[in-house]
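This is what each chain is made of:
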There are 2 protein chains.
Amino acid sequence: MATKPSTPKGTRDFLPLQSLKRQFIFDTARSVFQQFGYVPIETPAMENTETLLGKYGEEGDKLIYKILNNGDFLSKASEDKLAAKDSNSLSFEISDRALRYDLTVPFARFVVQNQNELTFPFKRFQIQPVWRADRPQKGRYREFYQCDVDVIGSDSLLNESELLTIVDEVFTKLGLGDIVIRLNNRKILSGIATAAGMKEHFQSMTIAIDKLDKIGPEKVKEEMIAQGLPEAGVKKVLNLIKLKGKVDDTLRMLAGAVVGVEEAYKGIEEVKNVIKALPERVRSKVELDLTLARGLNYYTGAIIEVGHKDFNSSICGGGRYDNLTGIFGLDGMSGVGVSFGADRIYDLMEDKNLFPTSLKASSDVLFVNFGPAEALACIAMASEIRSVGFSAEVYPDEAKLKKQMKYADSKGIRFVMMVGTEELANKQVTVKDMITGEQHTVFQKDISSFVIDKHQD
Amino acid sequence: MATKPSTPKGTRDFLPLQSLKRQFIFDTARSVFQQFGYVPIETPAMENTETLLGKYGEEGDKLIYKILNNGDFLSKASEDKLAAKDSNSLSFEISDRALRYDLTVPFARFVVQNQNELTFPFKRFQIQPVWRADRPQKGRYREFYQCDVDVIGSDSLLNESELLTIVDEVFTKLGLGDIVIRLNNRKILSGIATAAGMKEHFQSMTIAIDKLDKIGPEKVKEEMIAQGLPEAGVKKVLNLIKLKGKVDDTLRMLAGAVVGVEEAYKGIEEVKNVIKALPERVRSKVELDLTLARGLNYYTGAIIEVGHKDFNSSICGGGRYDNLTGIFGLDGMSGVGVSFGADRIYDLMEDKNLFPTSLKASSDVLFVNFGPAEALACIAMASEIRSVGFSAEVYPDEAKLKKQMKYADSKGIRFVMMVGTEELANKQVTVKDMITGEQHTVFQKDISSFVIDKHQD
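Residues numbered from 1 in each chain as written. Chains lettered and ligands numbered in written order. Predicted model: local features only at pLDDT ≥ 70, side-chain atom pairs only at ≥ 80, totals over all residues. Heavy atoms only, no water.

1. Observations regarding the overall build of chain A
The helix and strand tally for chain A stands at 19 helices and 16 strands. Relative to a compact globule of 457 residues, whose C-alpha radius of gyration would be 23 Å, chain A shows 29 Å and is clearly more extended. In terms of principal-axis extent, the alpha carbons of chain A reach across some 95 × 65 × 45 Å. The buried share of chain A, reckoned over its 457 residues, is 58%. The contacts in chain A between residues at least 6 apart in sequence include a share of 67% that link residues at least 24 apart. For chain A, the exposed surface amounts to about 19200 Å²; the carbon and sulfur share of it is 49%. (Helix = DSSP H or I, 4+ residues; strand = E, 2+ residues; numbered from the N terminus. Rg over C-alpha atoms; globule rule 2.2 N^0.38 Å. Buried < 20%, exposed > 50% of the residue type's maximum accessible area, 1.4 Å probe, protein only. Contact = heavy atoms within 4.5 Å. Areas by Shrake-Rupley, 256 points an atom, 1.4 Å probe, with all protein chains shown as cover.)

Right, here's the structure in full:
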């Protein structure tokens, strides 16, 4: 191979320190989820193509990575599709499997397939990569991790409250407690459409509203009118969803504007109940945001989006979806969940320097290698140091001291320990503290107590 | 979708308890690796097809899952290959990416691509899934995890010793300390071939030897002779590799049989040095096994295979490979590593009931839901219980008591806590210990101390 090898476009290697930091985010989330009684599951990277297809809309389908059947895949392909070079429809004949696009559809499949093994309400979390054939750009990758937490099999609004509490706890533990939780409800949006006389235009209305952030209210208005939505209705909707301020006041104003629309009342009631069951520290971070639509493809109740005051994009989002497993033939399963954006959280924590300094891609101790006999003494001491909970390594090669010191330095190892001819004879170690520059002479038998003592300094 | 959805053949879902147990294995391995100064890396699931192809032999290439290019992939395909329905060669034109087949080749690619960011010797571990289009059978899957630990950029034999020590430590921590470490060296095998006058038949010889376990020495002998290997040589080889017993004695006998063959001496010296640097507790588990060939496709020195007395198959294996990164244009990087067989280790631990009982897919505490006001009191108490390190959940729905008790029972939750009208008025909780059957009345303010106390019982 002539050229330097590389990862495919849109995918990444993670270097040691990056891996440790990612692991820290996942471990933190996992520990919170488990304290609330959520349990982990894993699903395979590949799903049967038919499991995924048609679940993400036409655009989504195009972004699914299909896996070529092994063996003589062409022997089963249709002659006419081959002749017509019809890539799209041929792809389904030569790819029985595809890479998962998100964790939600595989979760629905999992629940239906394993329903007899599960206890409902089933509270699960899942932290796994997903793949999308999207155009790569800053912060958007073709392989990225999702971190989903959902309850399925319960329509109690206590689940929404619990999830918001979990969201707050995870971000607080990560040092990102300054979040803003934006809350909306599809029933309110749908009620607003009805109140504005645009019930039948609900779909177009929400698609347009979803663009408010990007193109602003004027353009959204133009778009709706261009699509044939009644101007008076459009104006009313845009005025209503602008309502902001304290949640209680906003809900009261809203209630006044949707008099007689049952569905809107129901949505307002739901929002009130979700907020009521929140601890005060979480409640204070919740804002009602009636412009929040989040595509709405399967949300039926609460819509949730979490932002941070120092960051533009959303770092977590989700909502209530009734009947998600219906697509796989199991009806009556209401679910609600949120998904954490691991990559964005990573970037934000990196920007704000929030990762613990204890995360380091190196050992606490390096023993310099001065030769076979000396190395054997060091191996024994390294083992003792590990047995009291620290990490230690012996440089494997009898390289020049300068090279070994450089290794310790570039890895950020704190203690460099040296056993040369003299130390070997005297059963001693010369220890250099790379932070303070101090040098100590320690008896070999005292080496692990030395590390413990120094660590407590 | 009419039929019940399922995972693709050869792939699996992991239910909560399975996921927790797998996580336990990985966490245990990770903690040992890190104590020895090894650091984690991650590589993408997809590699460029050309990165993987030709690295695993012809058979291996067929087992690589290729990912269909998105968009109009047929427009770039050769007319003649399409017309000839030549699936194999067409597959390379329509699949730029493929799923990784192991972690070794991606690691080599990683080292070459990121060489300027790494400090050598580079000691890394990697725990990620791999995919192979193998025929699924008991214990063999199309998606499975590998757990690899390697040192690259050092040819010191201390690395081999350290890896064997790590292997012993991981298995001891998992309760599988009764391992047998089988050690061989390619230089010894190659020296034996030379001593038996079969230097030019080395490849065929090792392929045949590799089958000893499966078909026995008679059939192996027949196979070698049928392939045209000299009968006298074949007999000599089969006699030599039978040598067993204490490592020192065996090496002495072997040395007597390969007089004058430099390469064999070198291999014997290497084995001696690897064993010399082992702690006694590990040394006692090492056996020299001259029949160990492990395909040998890239091993150049030590060959390692780890078994357990209660298990037929190997649970860990590896070896030394000089110049692994040479395939990507970076020469002079010697490496050595081992790979843990996570699925087999899981099965063995399950058989022997070795997973800690503290691993459970449930909470410590369930609060029964008797209605909105009661639930609010419970939510506050659950939060307190979590703050002292236990897991607690509030049943989300106001369901029948029987149903809620059944939920607690089937999830194995120990404490069921009840706040009904009376308890709400008296600021109390009725606690049922599902293990002992005892019932307690506790003041709500004392609830977290109660859980702490009971946990220490």
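2. Description of unusual backbone geometry
A cis amide bond, omega -5 degrees, links Phe120 of chain A with the succeeding residue Pro121 of chain A. You can see Pro121 of chain A is positioned in the loop between α6 (104-113) and β5 (122-131). Backbone geometry at Lys427 of chain A places phi at a positive 55 degrees, although glycine is not the residue there. Structurally, Lys427 of chain A is set in the loop between α18 (421-426) and β15 (428-433). The backbone of Asn353 of chain B shows a phi angle near 60 degrees, a positive value even though the residue is not glycine. Residue placement: Asn353 of chain B occurs in the loop between α15 (342-351) and β12 (365-367).

3. Some words on the packing of aromatic side chains
This model, assessed by the stated rule, comprises 22 aromatic pairs over all chains. Here Phe171 of chain B and Phe340 of chain B contribute two aromatic rings whose centre-to-centre distance is 5.5 Å and whose plane-to-plane angle is 45 degrees, an arrangement assigned as tilted. Remark: Phe340 of chain B occurs in strand β11 (residues 335-341) and Phe171 of chain B occurs in helix α7 (residues 158-173); sequence separation between them is 169 residues. Residue classification places Phe171 of chain B among the buried residues on the basis of a relative accessible area of 0%. Taken together, Phe33, Phe125, Phe171 and Phe340 of chain A form an aromatic cluster joined through their ring pairs. The ring of Phe36 of chain B is capped by Arg386 of chain A, whose NZ or CZ atom sits 3.5 Å from the centre of that ring. Cation over ring: Arg22 of chain B sits above Phe14 of chain B, and NZ or CZ is 3.7 Å from the ring centre. (Phe/Tyr/Trp six-rings, centres within 6.5 Å; stacked < 30°, edge-to-face > 60°. Lys NZ or Arg CZ within 6 Å of the ring centre and 35° of its normal.)

4. Here's the deal with the nonpolar core
Looking at soluble globular proteins, one finds that nonpolar side chains tend to be buried together. Phe33, Phe171, Met205 and Phe340 of chain A are the most contacted members of the largest nonpolar core, which totals 102 residues. Leaving out residues up to four positions away in the same chain, Phe340 of chain A has contacts with Phe33, Cys147, Val149, Val167, Val170, Phe171, Ile315, Cys316 and Ile345 of chain A. (Core = buried A, V, L, I, M, F, W, Y, C linked by side-chain atoms within 4.5 Å.)

5. Regarding the interface of chain A and chain B
Contacts between chain A and chain B engage 107 residues on the former and 108 residues on the latter. Note on chain A versus chain B: buried area summed over both sides is about 8600 Å², and carbon and sulfur give 57% of it. Between Glu79 of chain B and Lys85 of chain A there is a salt bridge; the shortest N-O distance is 3.2 Å. Seen at the junction of chain A and chain B, the total is 50 residue pairs in polar contact (both at pLDDT 80 or more). Examining the composition of the side of chain A that touches chain B, we find that 8 residues originate from one element, helix α1 (residues 16-35) of chain A, more than from any other. Class assignment of the residues belonging to the side of chain A that touches chain B gives a composition of 48 nonpolar, 30 polar and 29 charged. (Buried area = accessible area lost by both parts, 1.4 Å probe. Salt bridge = Lys/Arg side-chain N within 4 Å of Asp/Glu carboxyl O. Polar contact = N/O pair within 3.5 Å; in protein donor to acceptor, adjacent residues only side chain to side chain. Nonpolar A, V, L, I, M, F, W, Y, C, P; charged D, E, K, R; others polar.)

6. Observations concerning the sheet that holds β5 of chain A
Residues and elements named next belong to chain A. Read from one edge to the other, the open sheet built from 8 strands follows the order β1-β5-β6-β11-β10-β9-β7-β8, with strand pairing classed as mixed. Of all the strands in the sheet, just β1 (39-40) and β8 (286-288) have a single pairing partner and so form its edges. Sheet topology note: the strand β10 (residues 311-321)/strand β11 (residues 335-341) ladder contains 6 bridges and is antiparallel. Each residue of the ladder has a partner; that of Gly317, found in β11, is Ser339. Its contacts with the sheet put helix α7 (residues 158-173) on β5, β6 (143-152), β7 (179-185), β9 (302-308), β10 and β11, and the angle it makes with β11 is roughly 15 degrees. Sheet strands touched by helix α8 (residues 186-195): β7 and β9. Its angle to β7, the strand with the most contacts, is close to 50 degrees. (Pairing = 2+ DSSP bridges. Axes fitted to C-alpha atoms, helices over the stretch in contact; angles between N-to-C directions.)

7. With respect to the side chain of Gln444 of chain A
Residue and element names in this part refer to chain A. Turning to its location among the elements, Gln444 is positioned in the loop between β16 (439-443) and α19 (447-456). According to the relative accessible area criterion, Gln444 is buried, its value standing at 15%. Within the structure, Gln444 has its side chain in polar contact with the backbone oxygen of Gln428 (distance 3.1 Å). Beyond its immediate chain neighbours, meaning those up to four positions away, Gln444 contacts Ala377, Met381, Val419, Glu423, Leu424, Lys427, Gln428 and Val429.

8. Section: the relation of the copies chain A and chain B
Overlaying chain A on chain B yields an RMSD of 0.1 Å, the required transformation being a rotation through 180 degrees with an accompanying axial translation of 0.0 Å. Here the transformation between the copies is reduced to the relation of a two-fold axis. Across chain A, the rotation axis passes nearest the C-alpha of Ile67 of chain A, at a separation of 2.2 Å. (Least-squares fit on C-alpha atoms with pLDDT ≥ 70 in both.)

9. A look at the packing of helix α1 (residues 16-35) of chain B against α7 of chain B
All names here are of chain B. Between α1 and α7, whose axes approach to 9 Å, the crossing angle comes to 145 degrees. Considering the relative orientation of α1 and α7, their crossing is right-handed. Taking contact as the criterion, the partners of Thr28, Ala29, Val32, Phe33 and Gln35 in α1 are, on α7, Ile166, Glu169, Val170 and Lys173. Of the residues assigned to the contact of α1 with α7, the class counts are 5 nonpolar, 2 polar and 2 charged. (Left-handed = near helix turned anticlockwise from the far one by under 90°.)

10. Notes on the pattern of salt bridges
Taken as a whole and assessed by the stated rule, the structure comprises 65 salt bridges over all chains. As a salt-bridge pair, Asp168 of chain A and Lys285 of chain A come within 2.6 Å of each other at their nearest N and O atoms. Note that Asp168 of chain A is positioned in helix α7 and Lys285 of chain A in the loop between α14 (280-283) and β8, a separation of 117 residues in sequence. When salt bridges with common partners are traced through the structure, they connect Lys123 and Glu162 of chain A together with Glu393 and Lys411 of chain B into a single cluster.

11. Remarks on the domain arrangement of chain A
Under the domain assignment used here, chain A contains domain 1 (16-351) and domain 2 (365-456). Once you take the C-alpha centre of each, domain 1 of chain A and domain 2 of chain A turn out to be 52 Å apart. (Domains from an automatic or database assignment.)

12. Here's the deal with the side chain of Glu423 of chain A
Residue and element names in this part refer to chain A. If you trace the backbone, Glu423 turns up in helix α18. Within the buried set, Glu423 has no salt-bridge partner at all; the shortest N-O distance to an opposite charge, 13 Å, is to Lys432. Not counting the four nearest positions on each side in its chain, Glu423 is found in contact with Met418, Gln428, Val429, Thr430 and Gln444. (Lys, Arg positive; Asp, Glu negative; His and termini not counted.)

13. Re the pairing of strand β15 (residues 428-433) of chain B
All names here are of chain B. Burial analysis of β15 places 5 of its 6 residues in the buried class, which makes it a mostly covered element. Bridging between strand β14 (residues 415-418) and β15 involves 4 bridges; their strand directions are antiparallel. Bridging across to β15, Met418 finds its partner in Thr430. Strand direction decides the pairing type here: β15 and strand β16 (residues 439-443), joined by 5 bridges, are antiparallel. Within the sheet, the bridge partner assigned to Gln428 lies in β16 and is Phe443.

14. Concerning the pairing of strand β6 (residues 143-152) of chain B
Residues and elements named next belong to chain B. Counting buried residues in β6 gives 10 out of 10 residues, a clear majority hidden from the surface. Across the two faces of β6 the burial is the same, with Glu143, Tyr145, Cys147, Val149 and Val151 and Phe144, Gln146, Asp148, Asp150 and Ile152 all buried. Bridge analysis of β6 against β11 gives 7 bridges, and the strand direction is antiparallel. By the bridge assignment for β11, Val151 is matched with Val336.

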